[in-house]
Amino acid sequence: MAGNIQRRPNGKWRARYRDPAGREHARHFARKIDAERWLAGQEIAKARGEWIDPARARVTVADWAPTWLATKCALKAKTRLSYESVLRTWVLPRWGRTPLAAIGHADVVRWQAEMRNQLGPSRTRQAVDVLSQCLRLAVRDGRLTRNVADGVTRPRLPRATQRFLSHSEVAKLAAECPPPYDLMVTLLAYTGLRFGEVAALQASSVDLRRGRIEVSANLVEVSGTLHRDTPKSHHRRSVPVPQFLRARLAENLNGLAPAEPLYRSSKGGPLRNSNFRHYVFDPAVIRAGLAPLTPHDLRDTAASLAIAAGANVKAVQRMLGHASAAMTLDVYAGLFDDDLDGVARRMNDAAAGLHPGWAADSVRTDDDDDPPADRGDRP
């Protein structure tokens with residue numbers, strides 16, 4: 001049955017229609033034109049298969065959030081805790097009592113602008129992303145016709161400052177660390193392992209004959225509790241160990257059972273990043289005169305040293321365990337500039353060999369117009 005509009009005794013206009021399940025819905029308007037527009041919109045939505053039951057969209061964000069959070073149960077503990085924290089701290093205080101259908105695009109834009117005055121760009125992006133994911137699930141569940149957070153421009157994240165140590169600086173830092181952490185620091189700087197991956201290494205993870213470390217786990221501290229999980233990319237990988245480190249690694253392995261940790265805390269327990277930094281790493285950094293420096297900077301250092309030694313982007317990606325070579329390029333694009341220069345030189349040499357007239361010294365550059373620095377006949 002098609003919808004209809006009737007004028008009520010109180011002067012208002014009632015628009016009625018039946019949904020695809022045959023249930024009647026009605027709404028009252030002060031003007032007939034508004035009733036007609038609303039009814040036409042409902043009929044069009046039904047015809048297109050886009051009709052949404054208004055009652056399903058009246059659920060509040062606070063009531064809907066647990067359903068969305070349940071979709072994150074397969075994530076790593078640290079990531080899941082981060083989602084919970086953002087939801088509890090920033091999303092629910094603002095939107096908890098608001099029905100899903102009552103949130104507008106402009107509301108989200110204003111909210112983001114308000115948060116930018118309180119938070120940094122990273123937290124602001126996370127808060128908007130969490131709200132957007134909640135609304136996206138509501139769309140898939142047939143509660144909303146669209147996600148009003150789509151198209152909200154997120155604030156740009158500043159590029160983190162990267163620190164690359166030289167070979168001599170790595171040696172200087174390692175010399176300030178007590179054994180066996182001196183070798184561990186060197187290992188971080190030459191293999192690119194994450195701290196949690198080193199903390200999760202067992203004696204069986206090291207294959208000295210092949211010169212490889214098999215990375216299959218990550219030990220992460222979340223709210224004071226250690227969680228042993230898969231590596232960040234969820235993929236095992238094999239990382240090469242430079243020859244000069246293998247003899248020292250053999251000493252570390254001496255007497256260890258296959259399942260024993262390669263590195264422990266000074267008290268024999270699991271190695272925690274917070275304790276390692278407080279008692280070992282940070283004091284060593286200060287004594288070596290390399291502050292500020294974090295263990296993650298050693299991962300950047302490994303990428304830098306590998307690229308300087310001639311490694312290509314695919315090799316660096318595999319060593320670091322990045323999801324793709326594109327990610328490696330995005331993070332370390334500046335380090336490949338010299339590599340590109342080398343490619344240009346090799347292309348030039350190959351072309352000049354076939355076409356002597358194309359030799360590089362036959363090309364005049366802008367630098368040729370510059371006067372010699374040691375000319376004494378110019379003011």
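Residues numbered from 1 in each chain as written. Predicted model: local features only at pLDDT ≥ 70, side-chain atom pairs only at ≥ 80, totals over all residues. Heavy atoms only, no water.

## What to know about the sheet that holds strand β1 (residues 4–7)
- Spatial strand order, β1-β2-β3: three strands in an open sheet with antiparallel pairing. Each edge of the open sheet is held by one strand with a lone partner, namely β1 and β3 (24–29). Direction aside, neighbouring strands of the sheet carry axes that sit 20° apart on average.
- Relative to strand β2 (residues 13–18), β1 runs antiparallel, the two being bridged by four bridges. Directly across from Q6, in β2, lies its bridge partner R14. (Pairing = 2+ DSSP bridges. Helix = DSSP H or I, 4+ residues; strand = E, 2+ residues; numbered from the N terminus. Axes fitted to C-alpha atoms, helices over the stretch in contact; angles between N-to-C directions.)

## Here we look at the pairing of strand β7 (residues 225–229)
- In this structure, strand β6 (residues 218–222) lies alongside β7, joined through five bridges in antiparallel fashion. Bridge pairing in β7 links N218 to D229.
- Connecting the antiparallel pair β6 and β7 is a turn made up of two residues, with S223 showing a positive phi of about 50°.

## A look at the pairing of strand β8 (residues 237–240)
- With burial as the criterion, only one face of β8 is covered, namely that bearing R237 and V239; the residues S238 and P240 on the opposite face remain uncovered.
- Pairing of strand β5 (residues 212–215) with β8 involves four bridges; the strand directions are antiparallel. Considered in β8, the bridge of I213 is made with V239. (Buried < 20%, exposed > 50% of the residue type's maximum accessible area, 1.4 Å probe, protein only.)

## With respect to the packing of helix α7 (residues 167–175) against helix α8 (residues 181–191)
- Two numbers describe how α7 lies on α8: the axes approach to 8 Å, and their chain directions differ by 155°. Taken together, α7 and α8 sit at an angle that is classed as roughly antiparallel. Considering the relative orientation of α7 and α8, their crossing is right-handed. Residues H167, V170, L173 and A174 of α7 form the contact with α8, whose own contacting residues are D182, V185, T186, A189 and Y190.
- Residue composition of the contact of α7 with α8, grouped by class: six nonpolar, two polar and one charged. (Parallel < 35°, antiparallel > 145°, perpendicular 65-115°, else oblique. Left-handed = near helix turned anticlockwise from the far one by under 90°. Contact = heavy atoms within 4.5 Å. Nonpolar A, V, L, I, M, F, W, Y, C, P; charged D, E, K, R; others polar.)

## Considerations on the sheet that holds β5
- Taken in spatial order, the three strands line up as β4-β5-β8 in an open sheet, and their pairing is antiparallel. Looking along the sheet, the strands with just one partner apiece sit at the ends: β4 (206–207) and β8.
- Pairing analysis gives two bridges linking β4 to β5, with the strands arranged antiparallel. Within the sheet, the bridge partner assigned to V206 lies in β5 and is I213.

## Looking at the packing of aromatic side chains
- Summed over all chains, the structure comprises eight aromatic pairs.
- A ring pair is formed by Y190 and F244, whose centres lie 5.1 Å apart and whose planes are at 85°; its orientation type is edge-to-face. Taken together, the residues Y190 in helix α8 and F244 in helix α10 (residues 243–253) connect sequence positions 54 residues apart.
- Y190 sits in the buried class, given a relative accessible area of 16%.
- Judged by centre distance (5.3 Å) and plane angle (35°), the rings of F195 and F276 are tilted. A residue pair is termed long-range when its members are at least 10 positions apart, and F195 in helix α9 (residues 195–199) and F276 in helix α11 (residues 273–288) qualify at 81 residues.
- F195 sits in the buried class, given a relative accessible area of 11%.
- Of the residues examined, F276 reaches a relative accessible area of 3% and is grouped as buried.
- An aromatic cluster is defined as three or more aromatic residues linked by ring pairs; in this entry it consists of Y181, F195, F276 and F281.
- Here the basic side chain of K72 rests over the ring of Y83, its NZ or CZ set 5.0 Å away from the ring centre.
- Here the basic side chain of R94 rests over the ring of W95, its NZ or CZ set 3.8 Å away from the ring centre. (Phe/Tyr/Trp six-rings, centres within 6.5 Å; stacked < 30°, edge-to-face > 60°. Lys NZ or Arg CZ within 6 Å of the ring centre and 35° of its normal.)

## Thoughts on the confidence of the model for the chain
- With 89% of its residues at a pLDDT of 70 or more, the chain shows a mean pLDDT of 86.
- Low pLDDT, under 50, characterises residues 362–379; the predicted model gives this stretch four contacts beyond four residues in sequence or across chains. (pLDDT = per-residue confidence, 0-100.)

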